[in-house]
Amino acid sequence: MAAGLKQAGADLAFKGGLHNGTRHLALFSAEGTELSGNGYARRPITLGQWDDDGAEQENESQVVWGPPQPAAWLAVTHWGLYTTLTSGDLLYDVDITDTDPPGIGAEVAAAADTVGFSFTGLPTLGSLQMMKEGLLSGTRYLMLSNNSSPASSAGGGTSNIINTDGTVGGSGTPVSVATVAGDWTLDNQNNTTRRARNNKILSFGIQSADLPDPVRLLLCDGNTHAANILWHVALTSDDPALGDNLSFAVNAISILLTQTA
């Protein structure tokens, strides 16, 4: 994941969408020190003004600040994204190559596709979902796979999802359980990690077949074999048998994001 994610940004990435709504692009003269005065103001950017580029979202058009007047600005060392035009929460900041101090009347701009953010460690579609809607927003589905690498790098559907009749893939009905944002609680695992954990038992129910050994837990945007895989993690569990009540206890699932503040 890109450096500079703040707690407020991590929370929106889980629920609501990091870029979903009107956000505001800011410039900094040092980490934690935003420019001020002399014609400086944050610039608004909406979800529709971000372009998808792989797992990253980038500004679709040039962004212009200023111009500096009646005095020059300090050199720009970082840019960041806030929730509001003034005050508000800083969602993330990004270190850049330091600029020269912008002079009086100079154009201060970021060209199209030069401001962007992405998440690593999950499929491309999961990264984009974190920015557009929130990884856990809406209805998501937990499903199981018997493949240690169940998804493409993009997160497209897989033929290795386990079905309720014990088969894998094909036209069977996947073993699944629906979740919504309210089923997940956000907290700090430590000073650098924001965590989402299930706050209720998530049960697949009593199994009517002897299932293959699941080796991967999937979080998907649907409950079919064509659903997109947004996140997945290895499982170390017993092989579920006929009649087992297959479930995850409260706090058994953790989804982690590294943050800097």
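Before any of the text, the structure's been laid out above.
Nothing here was measured: the structure is a model prediction, and the numbers come from that model.

A. Spotlight on the environment of Ala75. By the element assignment, Ala75 lies in the loop between β6 (63–65) and β7 (78–82). Owing to a relative accessible area of 22%, Ala75 belongs among the partly exposed residues under this scheme. Put simply, Ala75 and Pro101 are 26 residues apart on the chain and 3.9 Å apart in space, counted from C-alpha to C-alpha. The residues contacting Ala75, other than those within four sequence positions of it, are Phe28, Ser29, Thr99, Asp100, Pro101 and Pro102.

B. Region of interest: helix α1 (residues 7–14). Those residues of α1 lying buried are Gly9, Ala10, Ala13 and Phe14. For α1, the arc enclosing every buried residue in end-on projection is 140 degrees, short of the 170-degree limit, so these residues lie on one face. Where α1 is buried, its residues meet β8 (90–95), α2 (124–132), β13 (184–190), β14 (193–198) and β19 (254–258).

C. Fine view of a negative patch on the surface. Taken together, the side chains of Asp210, Asp213, Asp238, Asp239 and Asp244 define an acidic patch exposed on the protein surface. Checked against the element boundaries, Asp238 lands in the loop between β17 (229–234) and β18 (245–248). Given a relative accessible area of 71%, Asp238 falls into the exposed group.

D. Highlighting unusual backbone geometry. Here Gly66 and Pro67 are connected by a cis peptide whose omega angle stands at 10 degrees. Each neighbour pair has its own omega, and for Gln69 with Pro70 the value is 5 degrees, a cis peptide bond. Along the chain, the position of Pro70 falls in the loop between β6 and β7. Positioned with a positive phi, Asn38 is a non-glycine residue whose angle comes to about 55 degrees. Along the chain, Asn38 falls in the loop between β2 (33–34) and β3 (43–45). Judged by its relative accessible area of 29%, Asn38 falls in the partly exposed class.

E. Highlighting the side chain of Gln129. Tracing the chain through its elements places Gln129 in helix α2. Other than its neighbours up to four places away in sequence, Gln129 contacts Gly134, Leu135, Arg140 and Leu230.

F. Here's a closer look at the nonpolar core. Formed by 56 residues in total, the largest nonpolar core has its most connected members in Tyr92 and Phe119. Setting aside its immediate chain neighbours within four residues, Tyr92 contacts Gly4, Leu5, Lys6, Leu18, His19, Trp50, Trp79, Gly80, Leu81 and Phe117. If you look at the next biggest cluster of nonpolar residues, it comprises seven residues, including Met143, Ala151, Ile161 and Ile229.

G. Summary view of the pairing of β7. The buried fraction of β7 is high, at five of five residues. Across five bridges, the pairing between strand β1 (residues 23–30) and β7 is antiparallel. Bridged to Leu25 within β7 is Leu81.

H. Quick look at α2. Turning to α2, its buried residues are Gly126, Ser127, Leu128, Gln129, Met130 and Met131. Looking one or two residues beyond α2, the residue adopting positive phi is Gly134, at roughly 110 degrees.

I. Layout of the packing of aromatic side chains. Applying the stated criterion across every chain yields a total of six aromatic pairs. Between Phe28 and Tyr82, the ring centres sit 6.3 Å apart and the planes meet at 15 degrees, which makes this aromatic pair stacked. On the criterion of sequence distance, the pair formed by Phe28 in strand β1 and Tyr82 in strand β7 is long-range, its members being 54 residues apart. Here Phe28 falls in the buried class, since its relative accessible area comes to 1%. Centroid distance Tyr40 to Trp73: 5.6 Å. Interplanar angle 85 degrees. Geometry classified as edge-to-face. You can see Tyr40 sitting in the loop between β2 and β3 and its partner Trp73 sitting in the loop between β6 and β7, a full 33 residues away along the chain.

J. Looking closely at the sheet that holds β13. Across the sheet, three strands lie side by side as β13-β14-β19; this open sheet has antiparallel pairing. Each edge of the open sheet carries a strand with a single partner, namely β13 and β19. Taken pair by pair, the neighbouring strands of this sheet meet at an average axis angle of 25 degrees, ignoring direction. Those strands touched by α1 are β13, β14 and β19, and its axis lies near 30 degrees from that of β14.

The rules behind the values
Residues numbered from 1 in each chain as written. Predicted model: local features only at pLDDT ≥ 70, side-chain atom pairs only at ≥ 80, totals over all residues. Heavy atoms only, no water. Helix = DSSP H or I, 4+ residues; strand = E, 2+ residues; numbered from the N terminus. Buried < 20%, exposed > 50% of the residue type's maximum accessible area, 1.4 Å probe, protein only. Contact = heavy atoms within 4.5 Å. Arc of directions from axis to C-beta. Patch = residues over 30% accessible without salt bridge, like charges linked within 9 Å, V, L, I, M, F, W, Y side chains within 5 Å. Areas by Shrake-Rupley, 256 points an atom, 1.4 Å probe, with all protein chains shown as cover. Salt bridge = Lys/Arg side-chain N within 4 Å of Asp/Glu carboxyl O. Lys, Arg positive; Asp, Glu negative; His and termini not counted. Charge placed at Lys NZ, Arg CZ, Asp CG, Glu CD. Core = buried A, V, L, I, M, F, W, Y, C linked by side-chain atoms within 4.5 Å. Pairing = 2+ DSSP bridges. Phe/Tyr/Trp six-rings, centres within 6.5 Å; stacked < 30°, edge-to-face > 60°. Axes fitted to C-alpha atoms, helices over the stretch in contact; angles between N-to-C directions.

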